[in-house]
Amino acid sequence: MIAPADIKKTVKLNILRQDTPDTHPYWQQFEVPCTPSSNVTSLLRSISANPVTAEGAQVAPPAYEASCLEEVCGSCTMLINGKVRQACSTLVRKIQSGHPDEPITIEPLTKFPVIRDLVVDRSRMFENLKRIKAWIPIDSSYNLGPGPKITPEEQQTMYPLSRCMTCGSCLEACPQFTRDNNFLGAQIFSIARYYNMHPNGKTEKDARMEVLMGEGGITDCGNAQNCVKVCPKEIPLTESIGIIGRAATVYSIKKFFSK
Amino acid sequence: MAQKRVIVVGGGLAGLSTSMKLSEEGVAVDLFSLVPVKRSHSVCAQGGINACNDVARQQGYSEWEHFDETVFGGDFLAHQPPVLEMARMAPAIIDLLDRMGVPFSRTPEGNRDLRLFGGSLYKRTFYAGATTGQQLLYALDEQVRHHEVQGHVTKYEFWEFLAPVLDDNGRCVGIVAQDLRTMQIRSFRADAVVMATGGNGLIFGQSTMSIICTGSGTARCYQAGARLGNPEFVQVHPTAIPGEDKCRLMSESARGEGGRLWVPKKRQDSRHPNDIPEQERDYFLERLYPKYKNIVPRDIATREIFYICEQGYGIGGGQMVYLDLTEKATGIPYDVLKRKLGGILEIYEKFVGVDPLLEPMKIYPAVHYSMGGLWVDFAKDEKTGGLRKADPRNQMTNITGLYAAGEADYQYHGANRLGANSLLSCIFTGLFMAPGIKKFIESQPPVAEQAQTIYDAAVAGQQAVQSRLLNSKGTDNPYVMHRELGKAMSDNVTIIRSNAKLRQTLSLIESLKDRYQNNLGLPDSGLWNNQSLGFARACWDMILLGEAVTSAALAREESRGSHFKIPDELVDRHDLPLDKRALQRDDEHWLKSTLVSYVDGKATLSYEPVDVSLVAPRARNYGKVTAPATNAASAETAGAAV
Amino acid sequence: MTTAMEGSVGKHPSAPDYSSPPGQLHFWLRRIHSLAGLAFGGFVAFHLTVNATSLSPAVYQQEVNNIHALGPNLGFVEFTFIFLPLLIHVLYGLYITSSGVKWNAVHYNYGGNIRYTLQRVSGLVLLVFLAYHLATLHRWGLGLIYGLTHWSALSSFPWFHMNFAYTSTVDAIKTPYSHNPWFWANILSDGLYFLGVWAAVYHLANGLWTAAIAWGLTITAKAQRRWGNVCVAIGVVVGIIGTIAWLGVTVLGKPGVVPKKNSGTMVLSAPARKVTPGVTPLNLHAYTTGIRARTEKKTLQGA
Ligand SMILES: Cc1cc2nc3c(=O)[nH]c(=O)nc-3n(C[C@H](O)[C@H](O)[C@H](O)COP(=O)(O)OP(=O)(O)OC[C@H]3O[C@@H](n4cnc5c(N)ncnc54)[C@H](O)[C@@H]3O)c2cc1C
Ligand code: HEM
Ligand code: SF4
Ligand code: FES
């Protein structure tokens, strides 16, 4: 438990701001009211309502993304005190515990191009979903009966994989994933595993493997395993990486001998 | 001739299912969303999705019962044919989702598992852990991505819908939208436009909804002449974690899976809940509703919680009650609940810091769902009692060519939505309306032939609004004004309503309108990803929606579903049970839909009869016991049974 | 003003082409890198074991002799099974290490990340070490160049000689720059070898661990932990062997001593180094000419 004495009435925020994609970033400090249940998005919201820096300058409120406020949409991913997190589920009292006077630093993700302030462009993640054909092909949406039976064990393996909210935490923390390479990253490996598991999703498995074995594919993984540590949804990402690695081994042999 | 196109605004379940079906039908789609569609608010839905199923069927349940429960749960305010059609299509929708790979939770044999949900005595709710909405949204998102890759759908994410474009005959022929990054405002032609922009919880300040749920899409159509239907019906969900920025929902599935609501029998009992023995707890819903127990519909559960807290039995005398999922209270092992409810348990743990399987949760009602929304039409099929397939009228607003779907429409849930019916209505509307839209656009002259001037004028109009906002140099920050609006709406227009408070709210809204027009101060005047600008615009929309909700509530002199009105003089008569204080349901005068139009800058009301051609309205009380229970905390009965 | 009509239907302008998947050269290179690493790892374990026999100069000499018994094939074997894999592994390893990655073990100081970073750091250490080691101890190294050119700059180094395996090894590792083992450059050489051995051990053990994931042998966290324990065990064993080898040719090493056939040791009557201040004398000459002649007669011909 955190002692009430640890909770200050206000908290200092150092925010790394950037006006446009091609201007230089700069730091700004704010001091905002804070309650025991405050989280980082609520602090950002208070700044919007009163965008005055600690020095008293009136400024434009920092831009940031947020939507669900319950860590399920993935929008509000940013660096808080140097680590990637969801601003909405980062409770101030938790990260402040022990050193309530230190300012909290907030920066945009570093692996994606900054649009403005804390807003970055994560379209790469969505484009990658297209590359690996992240869908189950269906004939049409007409009523064609139920899907295949799935055992509870299979469901319990697949369900966690399907909780990936495309937040990008795993990619931000991955030393192999950078702004200018084309590494797919843990998110994609895990999603690919998910579709490869599904009885109908399997039909596109070979096409997926071709992409996963291409540039930026599974072999670019260096096994630092940060992804699994930072994934807010606790998705077994390293397991998925192992599985894709195995599938690649099998596929390459199969292809060598029979295609 | 260029291919005809449809614009879908909104990429939640409703928008995606519409886009998917339209693409499949060969119609080109332009899909607009404030956020990447995969981050739409639908992702928050937790509990499940309803449909009649083989097990329930063999127990005597059918699509008809599903229909009946929905209409009954909605206190007979929903038109019945659309609801019947939805209930009929529900099983096929589940099959479709199953084929699309939704990881529905499974039984040991590999069948899709079912859980109990509010307003039903049958297990008829399919679910995927406790993140069903997320799973459904992702499955639809994938299908639409597949269409996108094939060139059927073009996505405009981080684009904001500003207004529909109407031609001289009042037909909707496109939209004006803004790129939220470059702030470019431009028009898009479309042979039909679908609004799937979701609910408007934000007008109440905190709600269980995502903070993009401002209702701006609805409000902008409303200002362009579209009518709202039943806006006064706002669902307050009984169980949420109170929060300063958002009230995080604890899904009804918690109770469907065995969770129990209780308060200590002793007022202001300061003991830790785990130390309060069984016989000193008042499981008030079980006491009052022996048949439905903890899963009475939401409006009722919410009022019972409100009442018991009003009587001083809330935790520590405040406004919270226990929602108990501990093994001691439910008899269900830790692991089983962890597996079935993981998603919501995590939320509680993350935001409160306590494992809710080891210690009862502290919860209170919160604004959750907008039953009202854009008024839409339907075409009844006399033969089936349901809807006519592929009829262009289905889901069309009063503006020709402008459709609405999902939480943005008012059609399916009457005065109170049953849990797990919304995901269904969203997907149903999308799938069902698409063939009708196709038929509509085929019957119309192509918008490619429209004069460019109307588009240019619409863009110029929006640019004028924008420059006025950017140059507003007053002292009222839009975020602060929103807080004021939210507080008033939450305090006065939610669980119980009284005319005095409603009038007071309307006058506050009047002053907010005035301050907005004359004293707004925008904290950012830039033209690059200016979020204050978007929020300021939405702030105006929320003020207008607040006005529509409040005026409609003021006018409706009865209690029905979520709308519960107490005459001014009885509001503080805490000695009387709630239902003795409130107005009763009045079918003779008020079995009608409220229609709100925006005329001369004001909400203007009119009414329309409800289609009750399939089941006759009947009293709604869910078997509430009126005799004082033996060991009741309060001898009087509470709540809203009518 | 533009309208959506102008785009007509078709792919979104920014949509990449998803029809043709990229080739798999990338995949094969990386898997070959892994195989090469494993192959070279096998050699390293073998090599350290052989060198650990330096505790007994005679056995060591015997081992060296056994290896050289391959005669003219030795070169071929060395090249195909050792150098080629190493070269491939190193080249591609350098590419992996340098291709735009962002090390971040400071911010994300998780075990896995530290191991990942160390894998690269140890690779770089090995690069430096191996370059030096090969140059100074292999007959294809600088010794060869000297043999061909007699460049005086190279002339002062005690090059390895197969027939004087022990002495020449110790000289080249422990006392390459002076008779005084405490001479700073000699200490540096000892240190480099220690670092090199442990970098190789770490790199090999951790490489075995990652290789199992890369090939899809270990999948679950549990399996990875289990195999991780095995890798630690392998690392400890190879590490101990490596340390013995290191001790054998450094701390315990006796410079200027060559094994006598089948028994004990004998002091090599190697010419004393000319000790001119400032210049470390060359005794290579002794090995390559006089000593070879003498010793071949004395010690080996009796075999
Ligand atoms: C916490 C929670 C749990 C729930 N659980 C359940 C449940 O278990 N079962 C159930 O049946 N229902 C549940 N509901 C209700 C259900 O989730 C919603 O009613 C439903 O998801 C609404 O879907 P939608 O497609 O209509 O709108 P949304 O999902 O809200 O999507 C709206 C879309 O419109 C876009 N948009 C909005 N405004 C604009 C604009 N101006 N310009 C451009 N785009 C715009 C947004 O970007 C978004 O893509 C729950 C609701 C909440 C809040
Ligand atoms: C003693 C010499 C070396 C041995 C025994 C060795 C062995 C190995 C082994 C077995 C692996 C595991 C392969 C895999 O993960 O599939 C590996 C990985 C690696 N090696 Fe080496 N290696 C040596 C030298 C080097 C050198 C000099 C470099 C270059 C800098 C290098 C760079 C790497 C890198 C970067 C990896 C990690 C690859 C990855 O995990 O993606 N190695 N090594
Ligand atoms: S795998 Fe986890 S960390 Fe990575 S994007 Fe998905 S949810 Fe985020
Ligand atoms: S706002 Fe959705 S994850 Fe934080």
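Residues numbered from 1 in each chain as written. Chains lettered and ligands numbered in written order. Predicted model: local features only at pLDDT ≥ 70, side-chain atom pairs only at ≥ 80, totals over all residues. Heavy atoms only, no water.

Participant: Looking at this structure, how should I read the overall build of chain C?
Facilitator: In terms of helices and strands, chain C carries 10 helices and two strands. Looking at chain C as a whole, 45% of its 303 residues qualify as buried. By sequence separation, contacts in chain C at least 24 residues apart represent 66% of the contacts at least 6 residues apart. Of the roughly 15400 Å² of accessible surface on chain C, a fraction of 71% belongs to carbon and sulfur atoms. (Helix = DSSP H or I, 4+ residues; strand = E, 2+ residues; numbered from the N terminus. Buried < 20%, exposed > 50% of the residue type's maximum accessible area, 1.4 Å probe, protein only. Contact = heavy atoms within 4.5 Å. Areas by Shrake-Rupley, 256 points an atom, 1.4 Å probe, with all protein chains shown as cover.)

Participant: What is the right way to look at the overall build of chain B in this model?
Facilitator: Secondary structure summary: chain B contains 18 helices and 21 strands in total. Taken over C-alpha atoms, the radius of gyration comes to 24 Å for chain B, in line with the 26 Å a tight globule of 642 residues would show. With respect to the principal axes defined by its C-alpha atoms, chain B has extents near 75 × 60 × 50 Å. Across the 642 residues of chain B, 70% fall into the buried class. Within chain B, counting contacts between residues at least 6 apart in sequence, those at least 24 apart form 73% of the total. Surface accessibility of chain B: about 19000 Å² in total, with carbon and sulfur atoms responsible for 52%. Across chain B, 71 positive and 75 negative side-chain charges occur, with their mean positions spaced 1 Å apart. (Rg over C-alpha atoms; globule rule 2.2 N^0.38 Å. Lys, Arg positive; Asp, Glu negative; His and termini not counted. Charge placed at Lys NZ, Arg CZ, Asp CG, Glu CD.)

Participant: I would appreciate a short explanation of the pattern of salt bridges in the present structure.
Facilitator: Side chains that differ in charge, positive against negative, can pair when their charged atoms come close. Residues and elements named next belong to chain B. All told, the structure shown has 64 salt bridges over all chains when counted by the stated rule. For arginine 220, the salt bridge goes to aspartate 541, with nearest N and O atoms at 2.8 Å. Of this pair, arginine 220 sits in helix H6 (residues 216–223) while aspartate 541 sits in helix H16 (residues 531–555), placing them 321 residues apart in sequence. Taken as a pair, arginine 220 and aspartate 541 share a single burial class, namely buried. (Salt bridge = Lys/Arg side-chain N within 4 Å of Asp/Glu carboxyl O.)

Participant: I tried to follow the site of ligand 3 on my own but got confused; where do I start?
Facilitator: Residues in contact with ligand 3, as listed here, are Met125(A), Cys164(A), Met165(A), Thr166(A), Cys167(A), Gly168(A), Ser169(A), Cys170(A), Cys231(A), Pro232(A), Ile235(A) and Leu237(A). Class assignment for the residues of the shell around ligand 3 results in nine nonpolar, three polar and no charged. (Near = heavy atom within 4 Å. Nonpolar A, V, L, I, M, F, W, Y, C, P; charged D, E, K, R; others polar.)

Participant: Would you take a moment to explain the site of ligand 1 for this structure?
Facilitator: Residue and element names in this part refer to chain B. Looking at ligand 1, there are 38 residues lining it, with Ser40, Ser42, Glu407, Ser422 and Leu423 nearest. Between leucine 34 and ligand 1, the recorded distance is 3.1 Å, taken from a backbone N or O atom to an oxygen atom. Between ligand 1 and glutamine 46, the relevant distance is 3.2 Å, taken from a nitrogen atom to a main-chain nitrogen or oxygen of the residue. Contact with the protein chains hides 99% of the accessible area of ligand 1, taken as 1000 Å² for the molecule alone. At the level of secondary structure, the elements contributing two or more residues to the shell around ligand 1 comprise helix H1 (13–24), strand S2 (28–33), strand S7 (159–166), H6, strand S17 (361–370) and helix H12 (422–443). (Polar contact = N/O pair within 3.5 Å; in protein donor to acceptor, adjacent residues only side chain to side chain.)

Participant: Could you clarify how one ought to interpret the state of the cysteines in this entry?
Facilitator: Put plainly, two cysteines are in a disulfide when a covalent bond ties their sulfur atoms together. Residues and elements named next belong to chain B. For the structure on display, the rule yields zero disulfides over all chains. For the unlinked cysteine cysteine 213, the closest cysteine sulfur is that of cysteine 44, found at 7.5 Å. Unpaired in this structure, cysteine 221 has its nearest cysteine sulfur neighbour in cysteine 172, at a distance of 7.4 Å. Taking relative accessible area as the criterion, cysteine 221 reaches 0% and is therefore assigned buried. (Disulfide = S-S within 2.5 Å.)

Participant: Would you explain the sheet that holds strand S8 (residues 172–179) of chain B in this entry?
Facilitator: Strand pairing in a sheet takes place through backbone hydrogen bonds and is either antiparallel or parallel in direction. Residues and elements named next belong to chain B. In space, the three strands of this open sheet follow the order S7-S8-S9, with antiparallel pairing throughout. Looking along the sheet, the strands with just one partner apiece sit at the ends: S7 and strand S9 (185–189). The sheet shows a mean angle of 30 degrees between the axes of neighbouring strands, taken without regard to direction. Sheet topology places S7 next to S8; seven bridges connect them, and they run antiparallel. The residue bridging phenylalanine 161 from the neighbouring strand is alanine 177, located in S8. Docked against the sheet, helix H13 (residues 452–470) engages S7, S8 and S9, running at close to 150 degrees with respect to S9. (Pairing = 2+ DSSP bridges. Axes fitted to C-alpha atoms, helices over the stretch in contact; angles between N-to-C directions.)

Participant: Mind showing me how you'd approach the coordination of the iron atom of ligand 2 here?
Facilitator: Geometry sets the ideal angles at a metal, namely 109.5 degrees for four tetrahedral donors and 90 or 180 degrees for six octahedral donors. All names here are of chain C. In this structure, His89 (NE2) and His203 (NE2) serve as the protein donors to the iron atom of ligand 2, at separations of 1.8 to 2.0 Å. What the six donor atoms of the iron atom of ligand 2 show is an angle range of 87 to 179 degrees at the metal, which sorts the shape as octahedral. Taken together, the residues span a long stretch of sequence, with histidine 89 in helix H4 (residues 73–98) and histidine 203 in helix H8 (residues 184–214) at a distance of 114 residues. Using a relative accessible area of 16% as the deciding quantity, one classes histidine 89 as buried. (Donors = N, O, S within 2.8 Å, 3.2 Å for Na, K, Ca; no water. Tetrahedral: all angles 85-135°; square planar, octahedral: opposite > 155°, others 65-115°.)

Participant: What should I look at first to understand the interface of chain A and chain B in this one?
Facilitator: By convention, interface size is frequently given as the accessible area that disappears when the constituent parts associate. In this assembly, 79 residues from chain A lie in contact with 73 residues from chain B. For the pair chain A and chain B, the two sides together bury roughly 6100 Å², of which 49% comes from carbon and sulfur. Of all residues in chain A, the largest losses of buried area upon contact with chain B belong to Arg45(A), Glu70(A) and Trp135(A), amounting jointly to 11% of the total for that side. Across the chain A-chain B interface, the total number found is seven salt bridges. Between Glu148(B) and Lys130(A) there is a salt bridge, with the nearest N and O atoms lying 3.1 Å from each other. Run the count over chain A and chain B and you get 40 residue pairs in polar contact (both at pLDDT 80 or more). When residues in the side of chain A that touches chain B are grouped by element, the largest group, six residues, is from helix H1 (residues 40–49) of chain A. When the residues that make up the side of chain A that touches chain B are grouped by side-chain class, the tally is 38 nonpolar, 26 polar and 15 charged. (Buried area = accessible area lost by both parts, 1.4 Å probe.)

Participant: In this structure, what is going on with the sheet that holds strand S6 (residues 153–157) of chain B? I would like to understand it.
Facilitator: Residues and elements named next belong to chain B. Read across the open sheet, the five strands follow the order S6-S2-S1-S10-S19; overall the sheet is parallel. Since the sheet does not close on itself, it has two edges, and those belong to S6 and strand S19 (402–404), each with one partner. For this sheet, the mean inter-axis angle between neighbouring strands, taken without regard to orientation, is 20 degrees. Bridge count between strand S10 (residues 192–195) and S19: three bridges; the pairing is parallel. Paired with valine 193 across the two strands is leucine 402, which belongs to S19.

Participant: Sorry, what's going on with the side chain of Ser75(A) here?
Facilitator: Within the secondary structure, Ser75(A) sits in the loop between H1 and strand S3 (77–80). Here Ser75(A) is in contact with Glu65(A), Ala66(A), Ser67(A), Arg122(A) and Arg39(B), once residues within four sequence places are set aside.

Participant: What is the right way to look at the interface of chain C and chain A in this model?
Facilitator: Between chain C and chain A, the residue contacts involve 35 residues of the former and 44 residues of the latter. Across the interface of chain C and chain A, roughly 3300 Å² is buried in total on both sides, 55% from carbon and sulfur atoms. Counting every contact that joins chain C to chain A gives zero salt bridges. At the junction of chain C with chain A, the criterion picks out 15 residue pairs in polar contact (both at pLDDT 80 or more). Those elements giving two or more residues to the side of chain C that touches chain A turn out to be helix H2 (25–52), helix H5 (111–137), H8 and helix H9 (221–249) of chain C. Top contributing element to the side of chain C that touches chain A by residue count: H2(C), with five residues.

Participant: Please explain the confidence of the model for chain B as it appears in this structure.
Facilitator: Low pLDDT means the predicted atomic positions in that stretch should not be read closely. Per-residue pLDDT for chain B averages 95, and the proportion of residues at 70 or more is 97%. The low-confidence segment residues 629–642 of chain B (pLDDT under 50) makes 44 contacts with residues lying over four places distant or belonging to another chain. (pLDDT = per-residue confidence, 0-100.)

Participant: What am I meant to see in the domain arrangement of chain B here?
Facilitator: Entries for chain B in the domain assignment read domain 1 (5–236 + 368–452), domain 2 (237–363 + 622–641) and domain 3 (472–609). Domain 2 of chain B and domain 3 of chain B are separated by 29 Å when their C-alpha centres are compared. (Domains from an automatic or database assignment.)

Participant: I keep staring at the packing of aromatic side chains and nothing clicks. Help me out?
Facilitator: Where two aromatic rings form a pair, the distance of their centres and the angle of their planes describe that pair. Residue and element names in this part refer to chain B. Within the structure shown, the criterion is met by 34 aromatic pairs over all chains. Both rings, one in tyrosine 156 and one in phenylalanine 188, keep their centres 5.0 Å apart while their planes meet at 70 degrees; by these two values the pair is edge-to-face. Here phenylalanine 188 lies in strand S9 and tyrosine 156 lies in strand S6, a separation of 32 residues in the sequence. Residues tyrosine 156 and phenylalanine 188 agree in their burial class; the two are buried. Seen from their ring centres, tyrosine 412 and phenylalanine 428 are 5.7 Å apart, and the 80 degrees between their planes marks the pair as edge-to-face. Here phenylalanine 428 lies in helix H12 and tyrosine 412 lies in the loop between S19 and H12, a separation of 16 residues in the sequence. (Phe/Tyr/Trp six-rings, centres within 6.5 Å; stacked < 30°, edge-to-face > 60°.)

Participant: Is there a simple way to think about the nonpolar core in this case?
Facilitator: As a rule of thumb, nonpolar side chains are buried together in soluble globular proteins. Residue and element names in this part refer to chain B. Of all hydrophobic cores here, the largest spans 151 residues; its most connected members are Phe32, Ile175, Val193, Met195, Met250, Val321 and Tyr516. The element contributing the most residues to this core is H16, with 15 residues. Counting residues in each nonpolar core, the second largest holds 60 residues, with Val8, Met86, Val144 and Leu387 among its members. (Core = buried A, V, L, I, M, F, W, Y, C linked by side-chain atoms within 4.5 Å.)

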